[in-house]
Amino acid sequence: MLTAVDWHVVWVRIAHPNHVFFIALTRTIYVAVIAQVMGVLLGLAAALMRMSKLAPFRLMSGIYVWIFRGTPLLVQIFFIYYGANQLLGFTLIPNTLNLGFFSLDSAIVAGILALGVNEGAYMREIIRAGIDSIDKGQMEAAKSLGMRYGLAMRRIVLPQAARVIIPPLGNEFNNMLKNTSLLFAIGVYEIFADAEIGYSNSFQPVEYFLGVAFWYLVLTTVWTFIQAAIERKLAASERGEDLTFWERVQAAWNPVTAWARR
Amino acid sequence: MTDVVMRAEEVHKRFGRLEVLKGVSLDVAQRETVCIIGPSGSGKTTFIRCINHLEKVDGGRITVNGHLIGYRLEGEKLVEDSEKSIARQRTQIGMVFQRFNLFPHKTALENVTEAPIHVLGQSKQQAEEEGVKLLTRVGLADKCDTYPGKLSGGQQQRVAIARSLAMRPALILFDEPTSALDPEVTGEVLSVMEELAHEGMTRIVVTHEMGFAREAADRVVMMDEGVIIEEGTPEHFFEAPEHERTKQFLSKIL
């Protein structure tokens, strides 16, 4: 027997979520942000290793991507949470990670680690493609001015590659926001876990899952606008334009210009 | 000769099976302008790219101000130098590229000050003062804050010349600096380059601009199929070339 949808509950989940939900929402956001930053850093390191003259570096980078793109994220999450310490023989994932101003429990640490390491494998290709897209003459010009490889990368090549890297990076972060929901499976209390627990207490699937879907949509939509603003700024500086802050905000918030650029 | 800035001895270079340089020897004295001419594929560009070690040589040696470029002697053998010391040697050797290779994310002035600040460790203020002077010298005082994308090819190449001058190099290499330019802006770049000659800059110029070679060169070198086949003063070259291949080449190009 189907029961009618209680639209009041849907409304409450969307418009008046409780305090616990906001804690979960904060967790979803910081887990996604930290894991993405980690993914970018790992991806950059792996991309540079992939382009190295030294074969062992190239091999390590290859194996890393092979494994983490070739196995399911959920398996990686479980493996790191339950198996990493045992496999490594030391405590990679502590029971609690105390950072002074706040502390993270082991599931959150393992979750961030799994999402970040997985993301790094995807970011490697994106970053490598970005670096490859920059004309070889840029590196040669930098070298001919006496710059060493690292300095030339940092000051000349990467800032230009960033413009190519940022759009797919934005898509990756959109995925990351949604993939945090997988951490519910190892007991991280994020917004999907909040919805799942609400559902199992009430047996109101539409109400709770529609509510949480709405909030994921809010997160990804807000991110779309932030991403548009960042891309706009990068493109403008490349063209040498100096947009005012308000022009940027307008451009970012105008869906026509924001999507037309893709 | 004590005032040799660049000395190349029997330089060999191959790309795979193709031998591009088959023993090139050349001395360039201080304040001298040497133009290298020759048909495409003759190895001119490869040769000057070897001088600042953008290409590794497979045989022979190149010295700039007496220092071996790209290699160091260990006993009898030449071993490739560390990245750090190659970078240091390159600060002595400016290079102007056919396709300019300005940094598109930096203004004209930032292009010029980038290396003095981050390689030579000059203060921003000092580098900018000198950068503005250099851009003024190449006639672009009003373009300091302009990005390369908004400059014409001729203007970009003049910024590139200012950029290499900012390092105060002992030697500047020009790799077909006007080949990518429209004919009407070639003149502005050539006149900047001619001014440099009056200031006694040592230069090696790969060029197809015979007018420039005739006016500005102290010596013209003709390369063909990876070797230097003839060298001499511009007068010698353009009035009484000896080598049959040179005559052919000049008759086609002039």
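The model shown is predicted, which means the values in this text are computed figures rather than measured ones.

Novice: How should the overall build of chain B be read in this particular structure?
Specialist: For chain B, the helix and strand inventory stands at 9 helices and 12 strands. The C-alpha atoms of chain B give a radius of gyration of 18 Å, which matches the 18 Å a tight globule of 254 residues would have. Taken along its principal axes, the extent of the C-alpha atoms in chain B is 50 × 50 × 35 Å. A buried classification covers 56% of the 254 residues belonging to chain B. Expressed as a percentage of contacts within chain B between residues at least 6 apart in sequence, the contacts between residues at least 24 apart total 64%. As presented, chain B carries roughly 11,300 Å² of accessible surface, and 45% of it is formed by carbon and sulfur atoms.

Novice: Where do I start with the pattern of salt bridges in this structure?
Specialist: If the charged atoms of two oppositely charged side chains come close together, the side chains can form a pair. All told, the structure shown has 19 salt bridges over all chains when counted by the stated rule. Measuring nitrogen to oxygen at the nearest pair gives 2.7 Å for the salt bridge that ties Glu32 of chain B to Arg219 of chain B. Of the two residues, Glu32 of chain B is situated in the loop between strand E2 (18-29) and strand E3 (33-37) and Arg219 of chain B in strand E11 (residues 219-224); the sequence distance between them amounts to 187 residues. Of the two residues, Glu32 of chain B and Arg219 of chain B, both sit in the buried class. What you see here is one network of salt bridges that share partners, running through Arg124, Glu125 and Arg128 of chain A.

Novice: Looking at this structure, I do not really get the interface of chain A and chain B. What am I missing?
Specialist: The figure often quoted for interface size is the accessible area lost as the parts come together. At the interface, 23 residues of chain A touch 26 residues of chain B. Summing both partners gives a buried area of about 2,200 Å² for chain A against chain B, and 56% of it is carried by carbon and sulfur. The interface formed by chain A and chain B holds 3 salt bridges in total. Glu140 of chain A serves as the salt-bridge partner of Arg49 of chain B, at 2.6 Å between the closest nitrogen and oxygen. In this structure, the connection of chain A to chain B is made through 9 residue pairs in polar contact (both at pLDDT 80 or more). Broken down by secondary-structure element, the contributors of at least two residues to the side of chain A that touches chain B are helix H6 (136-144), helix H7 (149-179) and helix H9 (205-239) of chain A. Sorting elements by how many residues they give to the side of chain A that touches chain B places H6 of chain A first, with 7 residues. Across the side of chain A that touches chain B, the residue classes tally to 8 nonpolar, 7 polar and 8 charged.

Novice: Is there a simple way to explain the side chain of Glu114 of chain B in this structure?
Specialist: On the secondary structure map, Glu114 of chain B appears in helix H3 (residues 108-118). A distance of 2.6 Å separates a polar atom in the side chain of Glu114 of chain B from a polar atom in the side chain of Arg155 of chain A. Once you skip the residues sitting within four places of it in the chain, Glu114 of chain B turns out to touch Met147, Arg155 and Ile156 of chain A together with Phe103, Lys106 and Val119 of chain B.

Novice: I keep staring at the environment of Pro56 of chain A and nothing clicks. Help me out?
Specialist: All names here are of chain A. Looking at the element boundaries, Pro56 is found in helix H3 (residues 55-70). Overall, Pro56 belongs to the exposed group, its relative accessible area being 54%. Along the chain, Pro56 and His16 lie 40 residues apart, while their C-alpha atoms are 55 Å from each other.

Novice: Just to check I follow, could you spell out the sheet that holds strand E10 (residues 203-206) of chain B for this structure?
Specialist: As a general point, the strands of a sheet are linked pairwise by backbone hydrogen bonds and lie either parallel or antiparallel. All names here are of chain B. Judged by pairing direction, the sheet is mixed, and its 6 strands sit side by side in the order E8-E9-E10-E3-E11-E12 without closing on themselves. The open sheet has two free edges, formed respectively by strand E8 (93-96) and strand E12 (227-232), since each of these has just one partner strand. Across this sheet, the average inter-strand angle for adjacent strands is 20°, counted without regard to direction. Across 4 bridges, the pairing between strand E9 (residues 171-175) and E10 is parallel. Within E10, the residue paired with Phe174 across the bridge is Val205. Along the sheet, helix H1 (residues 44-51) makes contact with E3, E8, E9, E10 and E11, crossing E9 at roughly 150°. Against the sheet, helix H9 (residues 244-253) makes contact with E3, E11 and E12, and its axis sits at roughly 100° relative to E11, the strand it touches most.

Novice: How should the side chain of Thr46 of chain B be read in this particular structure?
Specialist: Relative to the assigned elements, Thr46 of chain B resides in helix H1. Not counting the four nearest positions on each side in its chain, Thr46 of chain B is found in contact with Lys13, Phe15, Val20, Leu21 and Glu55 of chain B.

Novice: Can you help me understand unusual backbone geometry in this one?
Specialist: With glycine set apart, most residues show a phi of negative sign, and most peptide bonds adopt trans. Residue and element names in this part refer to chain B. The phi angle at Arg168 is positive, at roughly 50°, despite the residue not being glycine. On the secondary structure map, Arg168 appears in the loop between helix H5 (153-165) and E9. Even without being glycine, Glu225 reaches a positive phi, approximately 50°. Looking at the element boundaries, Glu225 is found in the loop between E11 and E12.

Novice: Hey, could you run me through the layout of surface pockets in this one?
Specialist: Over the atoms, a rolled probe matching the size of one water molecule traces out where space is still vacant. The calculated volume of the largest pocket comes to roughly 990 Å³. Lys53, Met139, Lys143 and Tyr149 of chain A together with Glu83 of chain B are, among the 30 residues lining the largest pocket, the residues nearest its centre. For the lining of the largest pocket, the elements supplying multiple residues, two or more each, are helix H5 (106-132), H6 and H7 of chain A together with helix H2 (83-90) of chain B. Ranked by the residues each element gives to the lining of the largest pocket, the list is headed by H6 of chain A, at 5 residues. When its residues are assigned to classes, the lining of the largest pocket shows 12 nonpolar, 4 polar and 14 charged.

The rules we used
- Residues numbered from 1 in each chain as written.
- Chains lettered and ligands numbered in written order.
- Predicted model: local features only at pLDDT ≥ 70, side-chain atom pairs only at ≥ 80, totals over all residues.
- Heavy atoms only, no water.
- Helix = DSSP H or I, 4+ residues; strand = E, 2+ residues; numbered from the N terminus.
- Rg over C-alpha atoms; globule rule 2.2 N^0.38 Å.
- Buried < 20%, exposed > 50% of the residue type's maximum accessible area, 1.4 Å probe, protein only.
- Contact = heavy atoms within 4.5 Å.
- Areas by Shrake-Rupley, 256 points an atom, 1.4 Å probe, with all protein chains shown as cover.
- Salt bridge = Lys/Arg side-chain N within 4 Å of Asp/Glu carboxyl O.
- Buried area = accessible area lost by both parts, 1.4 Å probe.
- Polar contact = N/O pair within 3.5 Å; in protein donor to acceptor, adjacent residues only side chain to side chain.
- Nonpolar A, V, L, I, M, F, W, Y, C, P; charged D, E, K, R; others polar.
- Pairing = 2+ DSSP bridges.
- Axes fitted to C-alpha atoms, helices over the stretch in contact; angles between N-to-C directions.
- 1 Å grid on protein atoms, 1.4 Å probe; cavity = no way out; pocket = protein on both sides within 12 Å on 5 of 7 lines; lining within 4 Å.
- Points joined across faces, edges and corners; volume = space filled by probe spheres on them.

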